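# Analysis of the macromolecular model
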Amino acid sequence: MRKSNYDKRPVLHVRTKGVSAWQGWEAIGAQLRKAIAGKPDAVVCVDCYHGVWESDVLSALTEQLNPSHVFCTAQATLPKEQVNAMLKDHLTDDRVFGIMAHYRIEQFFDMERVAALRQKIALAHGVRLVFGVGAALLCEHPDVLVYADMARWEIQLRFRSGKLANWLNDNYGEDPLRKYKRGYFIEWRVLDRHKRTLHSHIDYLLDTNDAETPRMMTGDCYRDALKQAVTQPFRVAPYFDPGVWGGQWMKSVCGLDPEKPNYAWSFDGVPEENSLLLDVDGIVVETPAINLVHEEAKALLGDKIHARFGTEFPIRFDFLDTIGGGNLSLQVHPLTEYIQDTFGMHYTQDESYYILDAAENADTHVYLGCKTGIQPEEFQKALEDSQQTGQFDAERFVNVIPAKKHDHFLIPAGTIHCSGKDCMVLEISATPYIFTFKLWDWGRLGLDGRPRPIHLAHGMKNIQFDRDTEWVQKNLVNRVEVIHEEEGIREERTGLHEREFIETRRHWFDRKVEHETGGSVNVLNLVEGEEAVVESPGREICAVCGALCGDVYCSGGGGKVYGCTVWEERWEASGDGKGVCASIEKGFRRSAKRLNTRKNYGSEVNSIARKGSRGKFPLAESRGSASGRVWGNAPTVPRQTYSKGTVNKGAGSEASLPVTLRVLRRAPKLLFQHLCCVAPDGRDRTAGLATIAAFSRTQGFRLCGGDQRAFRSPFGNLRRGRSHVS
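What counts and how
- Residues numbered from 1 in each chain as written.
- Predicted model: local features only at pLDDT ≥ 70, side-chain atom pairs only at ≥ 80, totals over all residues.
- Heavy atoms only, no water.
- Helix = DSSP H or I, 4+ residues; strand = E, 2+ residues; numbered from the N terminus.
- Buried < 20%, exposed > 50% of the residue type's maximum accessible area, 1.4 Å probe, protein only.
- Contact = heavy atoms within 4.5 Å.
- Areas by Shrake-Rupley, 256 points an atom, 1.4 Å probe, with all protein chains shown as cover.
- Polar contact = N/O pair within 3.5 Å; in protein donor to acceptor, adjacent residues only side chain to side chain.
- Pairing = 2+ DSSP bridges.
- Axes fitted to C-alpha atoms, helices over the stretch in contact; angles between N-to-C directions.
- Phe/Tyr/Trp six-rings, centres within 6.5 Å; stacked < 30°, edge-to-face > 60°.
- Lys NZ or Arg CZ within 6 Å of the ring centre and 35° of its normal.
- Core = buried A, V, L, I, M, F, W, Y, C linked by side-chain atoms within 4.5 Å.
- Arc of directions from axis to C-beta.
- pLDDT = per-residue confidence, 0-100.
- Salt bridge = Lys/Arg side-chain N within 4 Å of Asp/Glu carboxyl O.
- Disulfide = S-S within 2.5 Å.

Summing up its helical and strand segments, the chain has 17 helices and 38 strands in all. The burial tally for the chain puts 64% of its 726 residues in the buried class. Contacts in the chain between residues far apart in sequence, at least 24 positions, make up 75% of those at least 6 positions apart. Looking at the chain as shown, the accessible area adds up to about 26,700 Å², and 47% of this sits on carbon and sulfur atoms.

In structure tokens form, the structure reads like this:
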């Protein structure tokens, strides 16, 4: 079996100015002490996202700072009973669904006690440490403001462990689904709003996702890192979760723990759930990817998408693995008016299934739409009876449609559906991802030994029974339309139902191809082939260091380069009077190459990565309101590239397809293969690619294939993606 080359911890390398990150409590403490040196009455405010192990962090900071006074926000919050009464109507009695809330953090505090604490803090002397969720409410102008953030996935794991309760509650042992519901509908909305008010003036970001190895970076570096992210392709950090129907495909392709029984889901393109890993001089700081959406929404999404969705990322890519597993639950998603009226969401979960792979010699299929002629009352009665009998004849009521690799099934909200076993599904979906009304779960219990939630009442109000056999075949199955074709290139539209805002396009290519992004965010996914390279050389590239320079100007006779901020550059005069650029990064010196003029300098743009894997590449993309592309069929990994003339080939197979991404703002390098990012104005933007790829819209990109199998992308135009919003 081939060793997996899937990168489970993709990082975004951050360009810095001086030391900007620290690791371990001693180093963190030393930096904080340095920040308040000469201020004997300093106030250090550490505001926290709920989920941080507050007692441990407070203990460590107290040891490092030795404050004269410690003030905690728990002294001013409302009592549990009052909070629960306030939230009751939004939480509902349902195990899974609540109603989206619009509380602000001040509503969870007794403002009279807040005022009293503010006065105590102001009158105290010596170093004062103000700590806890909402700590910034207690001191408007601290000498140092630290924000201790927490990744959404880590919070969920802590919920499951039973060691973390919801904020202002003591429900440690409660059903994790109910704890997640309270987080999703209430807490995370409240805390994200509060965090956004602090973003522009935090002095340090504290990462304690790894409780044993805390990390901290400066606020300036953090804000700059987010700006850098939207000017280049990037991946978010994926996570994997088992399920009752989970399969074995991801276990081998992604190099996951072979001792686990299965893996059902992989979230590798969901900013609300995933994290960004920021590599700051070798120290990797984890931050919720949703922060990027909140703080750089316009740059990430583009004007059109930002105008429609605001600070929400509208596309979600994830994997559903049933190869060697079982059927997904039979389900339906709510219609737009239903999700608005019932749950307070702005838009609903339209989606599609792209079949990345299917088990050989297996009867692989999907369930999609109602069979012609069925009666809704009879269907409902059979589902209700199944809750008692454990039996339901799904094939009597639902279309069973054969599914093979590269098939694409559209699933507008209101369409009953599920994947059958032995399929590897790339699910391309709108973001409201928890609104799944399960109708039948094949008589199974969840991994917790409890019946999985069934929502017949919700489901029956949303199923569109007129989407029958004939309608489904005509409108939802493999609606492939050739958009453009020439030698070595074929672009196909594989899906955009009139009720959906996500369009998917697939690109087959065996030579270099250029693409426009249409001003929309793109998500890219390799669905066939061994390797692809995406490049966005929108501006000149330093021939020596391979960096994309801001405003490059080169001249002879000891000339200068302006705007190349990637590494330290210095110009020397050679014997013949022509400029020589010597790039240095941490003492590593690349051999100098003589440059003559701006023309010669810029010509290096087209000399990047010409070689790639064999075989024609398919790439699928989605458009509509958000764009995303799909190519190849599995996760791949970034690799370091040391030569402009070559592309690192990954050990690929049909199940594992390496996608090579280059960020030309630094030395040629394979950034990631799954999630990419491309930004709007297209100046310094790189288009990214991967099994699940992309954020940010740029203006265009090029794909290289054939004997030049690379995906090249000029910084800027990744706007129309392979799955995108229009």
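Right, picking up where we left off after that structure.
Once that is clear, we can look at the environment of Thr389. Relative to the helices and strands, Thr389 resides in helix H13 (residues 376-389). C-alpha of Thr389 to C-alpha of Gly443: the two residues are 54 residues apart in sequence and 9.0 Å apart in space. At a separation of 3.2 Å, a polar atom in the side chain of Thr389 contacts the main-chain amide nitrogen of Gln391.

Strand order in the open sheet made by the three strands is E1-E11-E12, with mixed pairing throughout. Each of the sheet's edge strands pairs with one partner strand only, and the pair in question is strand E1 (12-13) and strand E12 (283-288). Pairing analysis gives six bridges linking strand E11 (residues 275-280) to E12, with the strands arranged antiparallel. Paired with Leu278 across the strands is Val285, a residue of E12. Strands E1, E11 and E12 of the sheet are contacted by helix H7 (residues 219-229), whose axis makes an angle of about 115° with E11.

Another aspect to go through is the packing of aromatic side chains. This model, assessed by the stated rule, comprises 32 aromatic pairs. Where Phe108 meets Trp167, the ring centres are 5.1 Å apart and the plane angle is 35°; that geometry is what we call tilted. With Phe108 in the loop between helix H3 (80-91) and helix H4 (111-123) and Trp167 in the loop between helix H5 (152-161) and helix H6 (176-198), the pair connects residues that are 59 residues apart, well separated along the chain. One exposure class covers both Phe108 and Trp167, and it is buried. Measuring from ring centre to ring centre gives 4.9 Å for Phe309 and Tyr347, while their planes differ by 75°; the resulting arrangement is edge-to-face. Residue Phe309 is found in helix H11 (residues 303-309), and its partner Tyr347 is found in the loop between helix H12 (336-343) and strand E15 (351-358); the two are separated by 38 residues along the sequence. Accessibility classification places Phe309 together with Tyr347 in one group, the buried group. Here the aromatic cluster, defined as three or more aromatic residues joined through ring pairs, consists of Phe97, Tyr180, Tyr184, Phe185, Trp188, Tyr338, Phe343, Phe435 and Phe437. Here Arg189 stacks its cationic end above the ring of Tyr184, 4.5 Å away from the centre of that ring.

A separate point is the environment of Leu526. Along the polypeptide, Leu526 turns up in strand E27 (residues 525-526). Exposure remark for Leu526: the relative accessible area of 0% places this residue in the buried category. Each C-alpha atom, one on Leu526 and one on Leu356, is 9.3 Å from the other, the two residues being 170 residues apart in sequence.

Turning next to the nonpolar core. Side chains of nonpolar character tend, in soluble globular proteins, to be buried together. Formed by 172 residues in total, the largest nonpolar core has its most connected members in Phe108 and Tyr184. Ignoring anything within four residues of it in the chain, the contact list for Tyr184 reads Met100, Arg189, Glu272, Met345, Pro432, Tyr433, Ile434 and Phe435.

This part takes up the pairing of E12. E12 sits mainly inside the fold: six of its six residues count as buried. Residues of E12 alternate between two faces, with Ile283, Val285 and Thr287 on one and Val284, Glu286 and Pro288 on the opposite face, all of them buried.

Right, let's talk about helix H1 (residues 25-35) for a bit. Side chains three or four residues apart in an α-helix point the same way, a direct result of the helix having 3.6 residues per turn. Of the positions making up H1, those classed as buried are Trp25, Ile28, Gly29, Gln31 and Leu32. Along the long axis of H1, the arc covered by the buried residues comes to 165°, so they all point the same way. More than 90 degrees from the buried face of H1, the exposed residues found are Glu26 and Lys34. As for H1, its buried residues are in contact with strand E2 (21-23), helix H2 (54-65), strand E6 (144-149), strand E7 (204-207) and strand E8 (215-218).

So, on to the sheet that holds strand E18 (residues 408-411). The pairing of strands in a sheet happens through backbone hydrogen bonds and is either parallel or antiparallel. Pairing is antiparallel in the open sheet, where six strands are placed in the order E9-E10-E13-E20-E15-E18. The sheet terminates laterally at strand E9 (239-241) and E18, the two strands that pair on one side only. Between one strand axis and the next, the sheet turns by 20° as a mean value, whatever way the strands run. Pairing of E15 with strand E20 (residues 423-430), which is carried by seven bridges, proceeds in the antiparallel orientation. Bridge pairing in E20 places Ile355 opposite Val425.

This part is about the confidence of the model for the chain. Of the residues in the chain, 72% have a pLDDT of 70 or more, and the chain-wide mean is 77. Low pLDDT (under 50) marks residues 537-723, which in the prediction has 890 contacts with non-local residues, meaning those over four places away or in another chain.

In this section: the pairing of E15. Counting buried residues along E15, eight of its eight residues qualify, which places the element largely inside the surrounding structure. The pairing of E15 with E18 spans four bridges and is antiparallel. What sits directly across from Glu351, in E18, is Ile411.

With that out of the way, let us pick up the pattern of salt bridges. Tallying each qualifying case throughout the model produces 32 salt bridges. The salt bridge partner of Arg113 is Asp110, with a shortest N-O separation of 3.4 Å. We note a salt bridge from Arg316 to Asp318, for which the minimum N-O separation is 3.1 Å. Looking at Arg316, the relative accessible area reads 4%, which means it is buried. Residues participating in the shared-partner salt-bridge network are Asp149, Arg152, Arg189, Asp192, Lys195 and Glu272.

Right, let's talk about the state of the cysteines for a bit. Scanning the model with the defined rule gives zero disulfides in all. Looking at the unpaired Cys72, the closest cysteine sulfur is the one in Cys48, lying at 9.2 Å.

Quick look at unusual backbone geometry now. Its identity as a non-glycine residue notwithstanding, Asn66 has a phi of 45°, on the positive side. Assignment of secondary structure puts Asn66 in the loop between H2 and strand E4 (69-72). Its relative accessible area of 64% is what places Asn66 among the exposed residues. A positive phi angle, close to 55°, is found at Asp281, a residue other than glycine. Of note, Asp281 is situated in the loop between E11 and E12. Take Asp281: its relative accessible area is 38%, and that puts it in the partly exposed class.

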